[in-house]
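Residues per chain, in single letters:
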Amino acid sequence: MYDELKEISKRPRAFSIYTAETLWAEPHLAKMMLETHLSQETALASRPTEAIERFVDWLDTSFGLEAASICDLGCGPGLYANRFAERGAIVHGLDFSRNSIEHARRHAPLTGGRITYQTANYLSDPLPEEQDLITLIYCDLCALSSVQRRNLLTRIHRALKAGGKFILDVYSRKAFEGVVESVSFEQNLMNGFWSASDYFAFQHTFRYDHESVSLDRFTIIEKARTWDIYNWLKYFSKDEIRHELKDAGFSFVEFTGGFGIDRLDETTFGVIAGK
Ligand SMILES: C[S@@+](CC[C@H](N)C(=O)[O-])C[C@H]1O[C@@H](n2cnc3c(N)ncnc32)[C@H](O)[C@@H]1O
């Protein structure tokens, strides 16, 4: 028991383990995630509808969606992509959760532009080429290691037309200030989110001050098995994200407010990078 607790409480090296595919695509979790995406009660997986509509309005006004080719990476259940298509865009939605992609397809608009949904991993599968716009919304870049970010940013740059724009949002250093190390233990932690059968779970929150990274490590103990999910988050300064985008080949980088409902919320900020 002592050795097991010691192992469960271990602080791993930042980004040394990647479990995002289990978190989003394991059948029980994918079902729970879809409910979380669609819920207006929680903003854990997607922002509320009001914020999504405000973002789509902003994108349309700023860049023009009519007839634009746009790829939404990590599109989830299509909450943004379907709205892009309603505005006449030619949309490619890509996500590795089959469940979310099926939901997105079922709710695709019947009028407007064309829409293609693809179950794929944006870290390794080919991206559609010659895009006017590529979006990566809800701070998904922050869940990746520096090596994964470099790889993805370079591939996104390649997938854009000359003059194309990459739009994303990231967690800020301000958000990192609010991260507090903690540990909790509960039977069926998060109301049964982690498994359809009975379980116990630990949640360890770690800060990595040197790297401005946090980790929520969930250890789920079921009757038949014990498994872990590692939720990493990198918190950016504007200089840091500008640097990473320039390194990947982007010619200019601009910033805007976060894409949430509250414009005064400084925990995230929006980034526009041009090829
Ligand atoms: C925080 S959610 C955001 C979803 C959507 N952008 C939104 O805001 O409604 C992250 C999404 O990215 C997907 N995802 C994470 N890593 C991915 C990867 N490597 N390849 C493809 N999809 C990925 C997840 O399945 C999930 O749908």
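Residues numbered from 1 in each chain as written. Predicted model: local features only at pLDDT ≥ 70, side-chain atom pairs only at ≥ 80, totals over all residues.

Draft legend 1. Up close: helix α9 (residues 238–247). All of the buried residues along α9 are I241, E244 and L245. End-on, the buried residues of α9 take up no more than an arc of 95°, which puts them together on one face. With respect to the buried face of α9, the exposed residues turned more than 90 degrees away are D239 and D247. Tucked inside the fold, the buried residues of α9 contact α7 (146–159), β5 (160–171), β10 (252–256) and β11 (268–274). Backbone geometry just after α9 places G249 at a positive phi near 110°. (Buried ≥ 20, exposed ≤ 12 C-beta atoms within 10 Å, placed from the backbone. Helix = DSSP H or I, 4+ residues; strand = E, 2+ residues; numbered from the N terminus. Arc of directions from axis to C-beta. Contact = placed C-beta atoms within 7 Å.)

Draft legend 2. A look at the sheet that holds strand β6 (residues 182–187). An order of β6-β7-β8-β9 is seen for the 4 strands of this open sheet, with the pairing classed as antiparallel. Of all the strands in the sheet, just β6 and β9 (226–234) have a single pairing partner and so form its edges. When strand polarity is set aside, the average angle formed by the axes of neighbouring strands in this sheet is 15°. (Pairing = 2+ DSSP bridges. Axes fitted to C-alpha atoms, helices over the stretch in contact; angles between N-to-C directions.)

Draft legend 3. Examining the sheet that holds β5 more closely. Within the open sheet, the 7 strands sit side by side as β3-β2-β1-β4-β5-β11-β10. Their pairing is mixed. Looking at which strands have only one partner, the edges of the open sheet turn out to be β3 (115–119) and β10. Across the sheet, the mean angle from the axis of one strand to that of its neighbour is 15°, orientation sign disregarded. Pairing of β5 with β11, which is carried by 7 bridges, proceeds in the antiparallel orientation. For K165, the partnering residue across the bridge sits in β11 and is G274. Sheet strands in contact with helix α6 (residues 98–106) are β2 (90–95) and β3, and its direction is about 165° off that of β3. Running at roughly 145° to β10, α9 makes contact with β5, β10 and β11 of the sheet.

Draft legend 4. Expanded view of the pairing of β10. Sparse coverage of β10 is indicated by the burial of 0 of its 5 residues. Bridge count for β10 against β11 is 5 bridges, and the pairing is antiparallel. Across the sheet, residue F255 finds its bridge partner in β11, namely V271.

Draft legend 5. View of the site of the ligand. In the vicinity of the ligand there are 19 residues, among which W24, S46, G74, G76 and Y138 approach most closely. Classifying every residue of the shell around the ligand gives 10 nonpolar, 7 polar and 2 charged. (Near = placed C-beta within 6 Å. Nonpolar A, V, L, I, M, F, W, Y, C, P; charged D, E, K, R; others polar.)

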